[in-house]
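Structural overview for review
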Amino acid sequence: EPEVTQTPSHQVTQMGQEVILRCVPISNHLYFYWYRQILGQKVEFLVSFYNNEISEKSEIFDDQFSVERPDGSNFTLKIRSTKLEDSAMYFCASSDDGLSKQYFGPGTRLTVT
Amino acid sequence: AQRVTQPEKLLSVFKGAPVELKCNYSYSGSPELFWYVQYSRQRLQLLLRHISRESIKGFTADLNKGETSFHLKKPFAQEEDSAMYYCALRNNFNKFYFGSGTKLNVKP
């Protein structure tokens, strides 16, 4: 069964640095999502993306965050100037029709020091 | 405001016992409700969603709009059901809200 992949599995960065988290959604999927989960807390929706634009975003997704689909396969989340509180697991997900099943990636653990 | 509440952080049952994981939501529109499961060292995956009205791995969940609940049930728990379970809501704008999760521990 096709899977969503994410790289890297663990990213350590210093506060104030830019970080790019990468995701390869399932190839025929059209809807893409980013979530984060701070250790011990709930999974939080960040953003959904369809047809090369953001369709929904949460209050967390401020100007420090951006998403991009630079080519036909990758879906990236960029954090411009990381803060300590950005430390979390970041999950990418994709869906073929946006209505049914979302397929999640394994996550990238971001540690900001 | 939209919210999903899972009141139990941890639920321990013995193998063969019935299990019910509680989920309550608040949303003024017509929500779509899901249960996601995360087994140890595996990725989050969809278990079931209310519009399918299906039973997956013996689990069922019924949307009760009057009580704004979507509790997950299984009549006879198995050890392999031990995992984190997340209730989630999708609003009319394709925005998702997750509960804080319930860790189910099925003891032999």
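A brief structural summary. (Residues numbered from 1 in each chain as written. Chains lettered and ligands numbered in written order. Predicted model: local features only at pLDDT ≥ 70, side-chain atom pairs only at ≥ 80, totals over all residues. Heavy atoms only, no water.)

1. Comments concerning the state of the cysteines
All names here are of chain A. Rules: Throughout, disulfides are identified as pairs of cysteine sulfur atoms within 2.5 Å of each other. For helices the rule is a DSSP run of H or I covering at least 4 residues; for strands it is a run of E covering at least 2, with both sets numbered from the N terminus onward. Whether a residue is buried, partly exposed or exposed follows from its accessible area with a 1.4 Å probe, protein chains only, as a fraction of its type maximum: under 20%, in between, or over 50%, in that order.
Across all of its chains, the model carries two disulfides over all chains by this definition. The disulfide bridge from Cys 23 ends at Cys 92, spanning 1.9 Å between sulfur atoms. As the torsion about the S-S bond is roughly -65°, the Cys 23-Cys 92 disulfide counts as left-handed. Residue Cys 23 is located in strand 3 (residues 19-24), and its partner Cys 92 is located in strand 9 (residues 88-95); the two are separated by 69 residues in the primary sequence. Taken as a pair, Cys 23 and Cys 92 share a single burial class, namely buried.

2. Some words on unusual backbone geometry
Residues and elements named next belong to chain A. Thr 7 connects to Pro 8 through a cis peptide bond whose omega is -10°. The residue Pro 8 is located in the loop between strand 1 (5-7) and strand 2 (10-13) in this model. A positive phi angle, close to 55°, is found at Asn 51, a residue other than glycine. Inspection of the secondary structure assignment puts Asn 51 in the loop between strand 5 (43-50) and strand 6 (53-57). What makes Asn 51 exposed here is its relative accessible area of 59%.

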